[in-house]
Amino acid sequence: MKNGIMPIGVVISGADPLTSLEKVASFAISTCQMSVPSEQWQSKARMELIKKTAKEKEIRITSLICGFEGENYRDIPTIKRTVGLLNPAMRGKRVLKVFSYSGIAAELGVEVIQAHIGFIPEDRNDPDYEGLVLALQKIADYCKENNQSVSLETGQERALVLSKFIEDVNRLNLGVNFDPANMLLYDADDPIKALDTLGKYVIGVHCKDGKRPERKGELGEEYPLGEGDVGIEKFIDKLKEIGYTGPLTIEREISGEKQMRDILQAKKLLKKLANKE
Ligand code: MG
């Protein structure tokens, strides 16, 4: 495999974008997905500075990850109530928020808006289903005006449910950020087989590992890349098979020294797997 195909990336925080970009540079990684810069970084001058710094360090920000105030990943009922666009009480306000994130991405020259939209109902007759479809249509149309794609993080529902949802939204700039570990953490699907269903929609991926929960209704546990049950080698092989050439973005949802070590280990592993014939 030629160099430059499937570059390595890493998920970073937008709380202090310059420090985060510094971290990416210290890993010698060339792409990143960044969460929306914190409010004090949203002035024109400071966004210019983020853009300039990324350019100087030769780092490409491949997507902007949207979050919303009040989201909580404590357990599945809490996620259902608080995360993304599922809860109709917050949906309208959050759609407007995504519009503003799209504007920020445009300022930064980022072409993908990415989000967990919440659990997509399995039943298309569920009262929340249609509202979610309409919300995504509005978001996709808004982002299209800014020449952006919208990328849904996978794994909180079965691949088939997500692919039907994407068909129902019916917008060409809508795809997925495929996170194989989430499929296990939420006990939703088989991460490798899911790529058969969702492969054509893949805009980005998270290289993350994990194991299914021990008891139904709970969340599984995240592991360092290569130590969980995803089967990272099979995952990378499958990405090659479907012709994916985008970044392999490492996501390690812990903090501190251990996170740094795990990211470097993950980078080493991915380099080896991506370059394997
Ligand atoms: Mg993820």
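Look a little higher up for the structure.
Bear in mind the structure is a predicted one, so any value in this text is a computation, not a measurement.

Student: Residues and numbers for the state of the cysteines, please.
Tutor: Summed over all chains, the structure comprises 0 disulfides. In this structure Cys32 is not part of a disulfide, and its nearest cysteine sulfur, from Cys207, lies 15 Å away. Look at Cys32 and you get buried, because its relative accessible area is 0%. Unpaired in this structure, Cys66 has its nearest cysteine sulfur neighbour in Cys143, at a distance of 7.6 Å. The exposure class of Cys66 is buried, given its relative accessible area of 7%.

Student: Help me get a handle on the sheet that holds strand E5 (residues 149-153), residues and values and all.
Tutor: Reading around the barrel, the 8 strands line up as E1-E2-E3-E4-E5-E6-E7-E10 and close back on themselves, with parallel pairing between neighbours. Put simply, the sheet's adjacent strands are angled 30 degrees from each other on average, direction ignored. Docked against the sheet, helix H5 (residues 129-145) engages strand E4 (112-115), E5 and strand E6 (174-178), running at close to 140 degrees with respect to E5. Relative to strand E7 (residues 202-207), helix H9 (residues 232-241) is tilted by about 165 degrees, and along the sheet it contacts E6, E7 and strand E10 (248-250).

Student: Go over empty space enclosed by the protein, please, and point to the residues and values.
Tutor: In the structure shown here, the tally under the stated rule is 2 cavities of 30 Å³ or more. Volume-wise, the largest cavity comes out at about 60 Å³. What lines the largest cavity is simply Cys66, Phe68, Leu85, Val98, Ile113, Ala115, Ile117, Leu136, Ile139, Val150 and Leu152. Of all elements in the fold, only E4, H5 and E5 reach the threshold of two or more residues within the lining of the largest cavity. For the lining of the largest cavity, a count of residues per class yields 11 nonpolar, no polar and no charged. What the second largest cavity holds in volume is close to 40 Å³. As for the second largest cavity, its lining consists of Cys207, Lys208, Asp209, Glu222, Tyr223, Pro224, Leu225, Ile250, Glu251, Arg252, Asp262 and Ala266. Every element with two or more residues in the lining of the second largest cavity is listed here: strand E9 (221-223) and helix H10 (256-275). For the lining of the second largest cavity, the per-class residue count stands at 6 nonpolar, no polar and 6 charged.

Student: Give me the lowdown on the layout of surface pockets, citing residues and values where you can.
Tutor: In this structure, the largest pocket occupies an estimated 1000 Å³ of space. Together, 38 residues line the largest pocket, and Cys66, Gly67, Phe68, Glu71 and Tyr73 are the ones closest to its centre. Listing elements by their share of the lining of the largest pocket, those giving two or more residues are strand E1 (8-12), helix H4 (88-108) and helix H7 (180-185). At 7 residues, the largest contribution of residues to the lining of the largest pocket is made by H4. When grouped by side-chain class, the residues that make up the lining of the largest pocket number 15 nonpolar, 11 polar and 12 charged.

Student: So, the packing of helix H1 (residues 17-26) against helix H2 (residues 44-56): which residues are in play, and what are the values?
Tutor: Where H1 contacts H2, the axes come no closer than 10 Å and their chain directions differ by 10 degrees. One way to sum up the angle between H1 and H2 is to call them roughly parallel. The segment H1 lies against H2, with Pro17, Leu18 and Leu21 engaging Leu49, Ile50, Thr53 and Ala54. Among the residues making up the contact of H1 with H2, the classes are represented as 6 nonpolar, 1 polar and no charged.

Criteria and cut-off values
Residues numbered from 1 in each chain as written. Predicted model: local features only at pLDDT ≥ 70, side-chain atom pairs only at ≥ 80, totals over all residues. Heavy atoms only, no water. Disulfide = S-S within 2.5 Å. Buried < 20%, exposed > 50% of the residue type's maximum accessible area, 1.4 Å probe, protein only. Pairing = 2+ DSSP bridges. Helix = DSSP H or I, 4+ residues; strand = E, 2+ residues; numbered from the N terminus. Axes fitted to C-alpha atoms, helices over the stretch in contact; angles between N-to-C directions. Contact = heavy atoms within 4.5 Å. 1 Å grid on protein atoms, 1.4 Å probe; cavity = no way out; pocket = protein on both sides within 12 Å on 5 of 7 lines; lining within 4 Å. Points joined across faces, edges and corners; volume = space filled by probe spheres on them. Nonpolar A, V, L, I, M, F, W, Y, C, P; charged D, E, K, R; others polar. Parallel < 35°, antiparallel > 145°, perpendicular 65-115°, else oblique.

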